[in-house]
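# Inside the fold
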Amino acid sequence: MLAIQLAITGLQTGALYALTAVGFSLIFGSTRIFHFAHGATFVIAAYFFYGVFGAGLGLLPSIAAAGLGAVAFGVLLDRLVYAPIQRHEGSFFTVFVASFGVGIVVQNLIGMVFGRGFVTVNTPLSRSVEMIPGVYVSPLAWIAILCTAIFLGALQFFLRRTHTGMALRALADNPELVRTFGLNPRMIAATAFAVGSVLVVPAAVITSATTGLNPAIGHHVMLISLAATIVGGIGSVSGTMLAGLLLGLAESLALLVVDSQWTEAVTFAILFAFIIIRPAGLLGRATAH
Amino acid sequence: MTRRFTLAGAIVSLACLAMPAVAEEHTIGAIFPLSGTNAVYGDVFMSGADLAVEHINADGVLSGPLSIAYEDSQALPQPAVVAMTKLVNVTGVPYTLSAFTGVSKAISTLATRNSVVGVNGGGVGPDLAELGDYFWNVIPLANLEMRAVVPFLVEERGLKSFALVYVDDPLGDAMHEELETILPEVGGELVDSFSVPTTAQQFSGVAAQVRASGADVVYVASYGNQQLQIVKQLRDNGVDAQLVAYSGYAVPDALALPESEGMIITGQGVDFDSEDAVTKRFVEDYTAKFDRAPTAYNVNYYNAVLVYGALAAAIEAEGGEVTGEALLEARRATESFDLVGGTVSFQDNGTLLFPIQVKEIRDGAAHALTSVTFD
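Residues numbered from 1 in each chain as written. Chains lettered and ligands numbered in written order. Predicted model: local features only at pLDDT ≥ 70, side-chain atom pairs only at ≥ 80, totals over all residues.

### Looking at the overall build of chain A
- Of regular secondary structure, chain A possesses 11 helices and two strands.
- Tracing chain A from N to C terminus, the helices and strands come up as α-α-α-α-β-β-α-α-α-α-α-α-α.
- Against the 2.2 N^0.38 benchmark of 19 Å for 289 residues, chain A shows a C-alpha radius of gyration of 19 Å, consistent with a compact globule.
- Relative to its 289 residues, chain A shows a buried fraction of 53%.
- Within chain A, residue pairs in contact and separated by at least 24 positions form 76% of the contacts whose partners lie at least 6 positions apart. (Helix = DSSP H or I, 4+ residues; strand = E, 2+ residues; numbered from the N terminus. Rg over C-alpha atoms; globule rule 2.2 N^0.38 Å. Buried ≥ 20, exposed ≤ 12 C-beta atoms within 10 Å, placed from the backbone. Contact = placed C-beta atoms within 7 Å.)

### Thoughts on the overall build of chain B
- Helices and strands together make up the secondary structure of chain B, namely 12 helices and 14 strands.
- Overall, the C-alpha framework of chain B stretches about 90 × 40 × 35 Å when taken along its three principal axes.
- When each of the 375 residues of chain B is scored for burial, the buried share is 54%.
- Taking the intrachain contacts of chain B between residues at least 6 apart in sequence as the baseline, contacts between residues at least 24 apart amount to 67%.

### Some remarks on the environment of Ile188 of chain A
Residues and elements named next belong to chain A.
- By the element assignment, Ile188 lies in helix α8 (residues 185-209).
- Among the residues examined, Ile188 registers 20 C-beta atoms within 10 Å and is labelled buried.
- In sequence terms Ile188 and Gly233 are 45 residues apart; their C-alpha atoms lie 22 Å from each other.
- Not counting the four nearest positions on each side in its chain, Ile188 is found in contact with Ala167, Leu168, Leu171, Val178 and Leu183.

### Structural notes on the interface of chain A and chain B
- Each side of the interface is counted separately: chain A has 31 residues, and chain B has 29 residues.
- The set of elements that each furnish at least two residues to the side of chain A that touches chain B consists of α1 (2-31), α9 (217-232) and α11 (263-277) of chain A.
- Here the side of chain A that touches chain B takes five residues from α1 of chain A, the largest share from any one element.
- Considered class by class, the residues forming the side of chain A that touches chain B number seven nonpolar, 19 polar and five charged. (Nonpolar A, V, L, I, M, F, W, Y, C, P; charged D, E, K, R; others polar.)

### Re the pairing of strand β6 (residues 161-167) of chain B
All names here are of chain B.
- Across the seven residues that make up β6, a large majority, six, are buried.
- Of the pairings in the sheet, the one linking β6 to strand β7 (residues 189-196) comprises seven bridges and is parallel in character. Paired with Phe162 across the strands is Leu190, a residue of β7.
- Remark: the β6/helix α6 (residues 170-186)/β7 crossover connection has right-handed handedness.
- Alignment of β6 against strand β8 (residues 217-221), held across five bridges, turns out to be parallel. In the sheet register, Tyr166 faces β8, and the bridge partner there is Ala221. (Pairing = 2+ DSSP bridges. Right-handed = clockwise from strand over helix to strand, strands pointing away.)

### So, the sheet that holds strand β14 (residues 365-372) of chain B
All names here are of chain B.
- The sheet built from seven strands is open, its strands ordered β7-β6-β8-β9-β10-β13-β14 with mixed pairing. Only two strands of the sheet have a single neighbouring strand rather than two, namely β7 and β14. With strand direction ignored, the average angle separating the axes of adjacent strands in the sheet is 25°.
- Relative to β14, strand β13 (residues 356-362) runs antiparallel, the two being bridged by seven bridges. The partner of Gln357 across the bridge, within β14, is Ser371. (Axes fitted to C-alpha atoms, helices over the stretch in contact; angles between N-to-C directions.)

### Quick word on the packing of helix α3 (residues 59-87) of chain A against helix α4 (residues 92-114) of chain A
All names here are of chain A.
- Axis separation between α3 and α4 bottoms out at 9 Å; the angle between their running directions is 150°. Viewed along their axes, α3 and α4 adopt a mutual orientation that is roughly antiparallel. In this structure, the crossing between α3 and α4 has a hand that is right-handed. Along the contact surface, α3 presents Leu77, Val81, Tyr82, Ile85 and Gln86, while α4 presents Thr94, Val95, Ala98 and Val102.
- Taken together, the residues of the contact of α3 with α4 sort by class into seven nonpolar, two polar and no charged. (Parallel < 35°, antiparallel > 145°, perpendicular 65-115°, else oblique. Left-handed = near helix turned anticlockwise from the far one by under 90°.)

### Quick notes on unusual backbone geometry
All names here are of chain B.
- Phi at Ser115 is positive, roughly 55°, even though this residue is not glycine.
- With respect to the helices and strands, Ser115 occurs in the loop between α4 (101-113) and β4 (117-120).
- The exposure class assigned to Ser115 is partly exposed, which follows from the 16 C-beta atoms found within 10 Å.
- Look at Asp363: it is not a glycine, yet its phi comes out positive at around 50°.
- Tracing the backbone shows Asp363 in the loop between β13 and β14.

### Regarding the domain arrangement of chain B
Residues and elements named next belong to chain B.
- Partitioning chain B into structural domains gives domain 1 (26-140 + 273-354) and domain 2 (143-269 + 357-372).
- Between the C-alpha centres of domain 1 and domain 2 the distance comes to 28 Å.
- Facing 19 residues of domain 1, the contacting portion of domain 2 comprises 20 residues.
- Secondary structure elements with two or more residues in the side of domain 1 that touches domain 2: α2 (39-59) and α4. (Domains from an automatic or database assignment.)

### Quick word on the nonpolar core
- Ala45 of chain A together with Ala49 and Val218 of chain B are the most contacted members of the largest nonpolar core, which has 214 residues in total.
- Per element, the largest residue contribution to this core is 14 residues, and it comes from α8 of chain A.
- Summarising the domain contributions, this core has at least three residues from each of domain 1 (26-140 + 273-354) and domain 2 (143-269 + 357-372) of chain B.
- With residues up to four places along the chain from it excluded, the contact list for Val218 of chain B reads Ala163, Val165, Val210, Leu234, Val239, Ala241 and Leu243 of chain B. (Core = buried A, V, L, I, M, F, W, Y, C linked by C-beta atoms within 7 Å.)

### Overview of the sheet that holds strand β1 (residues 26-32) of chain B
Residue and element names in this part refer to chain B.
- Overall, parallel pairing links the five strands, which are arranged β2-β1-β3-β4-β5 in an open sheet. On the outer flanks of this sheet lie β2 (66-72) and β5 (135-137), each paired with one strand and no other. Strand-to-strand twist of the sheet, defined as the mean angle between neighbouring strand axes without regard to direction, takes the value 25°.
- Pairing of strand β3 (residues 95-98) with β4, which is carried by four bridges, proceeds in the parallel orientation. Bridge pairing in β4 places Tyr95 opposite Val117.
- Contacting β1, β3, β4 and β5, α4 crosses the sheet at an angle of about 165° to β4.
- Running at roughly 170° to β3, helix α11 (residues 296-317) makes contact with β1, β2, β3 and β4 of the sheet.

### A few points about the confidence of the model for chain A
- On average, residues of chain A carry a pLDDT of 90, and 98% of them reach 70 or more.
- The least confident element of chain A is helix α7 (residues 175-180) of chain A, whose mean pLDDT is 76; the most confident is helix α2 (residues 38-54) of chain A, at 96. (pLDDT = per-residue confidence, 0-100.)

### A short note on the environment of Val283 of chain B
Residues and elements named next belong to chain B.
- Here Val283 lies in helix α10 (residues 277-290).
- Given 19 C-beta atoms within a 10 Å radius, Val283 is considered partly exposed.
- Once the C-alpha coordinates of Val283 and Arg211 are considered, the two residues, 72 residues apart in sequence, prove to be 42 Å apart.

Given below as C-alpha cells:
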C-alpha cells in the first residue's frame, strides 16, 4: 500500500514539476535565454493568487490575476531586460546574471509586500481522503494531474497545429530563417515568454494550497525546472514533460529504498546519470560539435 | 628639538590620563537571519533586542549610547562565520547575539579564539551548552523541553509510540539523540524517525510513511517555514496523530496555521502578568511599540541585551574596559540578574535555567497545560 501511496504522491508532484519545467524549457528552447527568473514568475503567480483570493474576490478572479501577473512579468522582462542586453551583444552569461538578479529582486519585493513567512491558501480540497485502505488522495492531487494533462495537451496542439506555435519551433531551429519568412523573432520570443509563463500558473495555484508559499520558493522551482529540462533533452517540450513526471515519481518512490533525507538528492543523481550516460536527455537530439 | 618633542608628548599623555572618563560608545553585534526562508525570525529577534537598547539608553545605564551592529546569517553557518569575522575584526565588538543551533556552533569557535562573548537566545540544540566559556545561552535548550513534554505525553496522555520528523542539521540530530535517550526512560518507544534536508519543501511522501508507522505522537523538530510545511502536509495527508513541537514553533505564522490546532508545544515559562518592574515595563512597552503581545523569543533577546547592560555597567563602575574577558569575569561574579521573567542565574555552563511550559495550541494561541521546573 505504501508503494501505491508514494506512486500517487509522486505523480502529483511530478505533474506540477512538469508544468513548471515545460514553461522554462519552452522559453529556453526557443529563445536560448537562460530565464533563471522563471522561478520568480512562479512566485509572482502564486502570491497574486494568494493575495486576490485572500481578499475574498473568488477563485476565478484570483486565477486570472495570477495568470496576468505571470504573463506580464515574463513578457515585460523579455522586452525591458533581455532584449536590450541582446541588442547590445550581451553574452549568454550577461543575460543569465540579469535574470538571476531579477529573481532576487522579485523575492525581496514579494517579501516586503506579503511578508517573508510561510503563507498558504486554506481549502478543504487539500485534505486527503482514504480511497482504499491505507491510500489517501486529496482532490487537489486529481486536479493537479488533470490540469497538467489539459495544459500540456493544449501546448502540444498549439505548437503543432497553429502558425504561431510552428513559428516558435522554427525560432528554436533557425532564427535567421524565421526573419527570411517575414516573421518577427522578437514577437515570437514574446509569445514564448507569455506561453511559458502561463504554464506555471496552475502549478503555482495548486502549490499555494498544498505545500504553501514563501518568497524563496522560486529557487526550488528553478532547480527542478533546470534538472527536468536537461533530463528531458534541451529544447524538447515532450521530453521535459516526461522528465518532470519522472523526477516527481523518483523523488517519492525513493522513500521505499533510501532514507527521507536523500530524496532530494535522487533528483540530482538522475540528472548526473543522464549527463554522463545520455547527455542529449530523454527525447533530445544528439548534437556533434 | 627631540628632547622638546619628548617633553611635549609626555605632557599630552599625562593630560590625557588626568582627564575625566569620557562617554564611551558601546556597540554589540547580532548575527540574525535577515534574509532567506528564516528571515521572519530575524524580525522577531530584533524587536526584543532593539527595545532593550532603547531602555538601556533611556535609563543611562552605560557611560555612552549602546547600539547593535546587525549582520545577516540567513540562518546558515557559512554566512554567519563571515559575519562574525567582520564583527570581531572590523567592528570590534566584545559581545554578539546569535540564533539558530548551526549558526551558534559555527561562530562559537571564533568567539572563543577572540575572547568575544556569543549569546544565543534562539537556538535550542542541547550541545549549545558545551561551546566553551565564551558562549552563553539565555534560552533553555531542547533537551529540557523534551524532558518536560515526553513524560507528560507518555504518563499523562498515555501516548507511548513516537515518530520523529527532524531536520538534517545539528539541531535535528541532537533532538533525535535526545528523544532516543528519553523515551525508554519513561516507557515510550521511538517507532520511526525521518530526517529531512534543510531545503526540503515537499513532505507528502514522508507523511505517508509517518502514517504507516502508526505512531501515537509525531514530534516535529525543524524550524522556520519548513516546520509549518511539515505540519500542514502531515495533516493534509491524513496523519491524525498528536503533533508535538519545541519552542521554535511558537511564532505567529505557526500558531495561526489551521493545521496547528490541537498541537502541543513547549517553551520557556515566562509569566507575562508578573508584577516585577522589569517584566512589566517590557510587556507594556513591547505591546505599545509593536502592537502585539511579546513571545519568548522577544524576551530572550531583550534579556540578552539587558545582561550586557548590567555587566558593562559593573565593569565601568570599577573603571575597567568592556572586553569579552571582562564580561565573562563580571558574569561569573554576578550571582543573579533581574530580567524579564524574574531573577535568574546562569549555570556554570553559561546557560540560564527557566521553567518549561507544556502548551496546547487552541484558537491560534498557545495555552499552558503544565509547567515543569528543573534543578
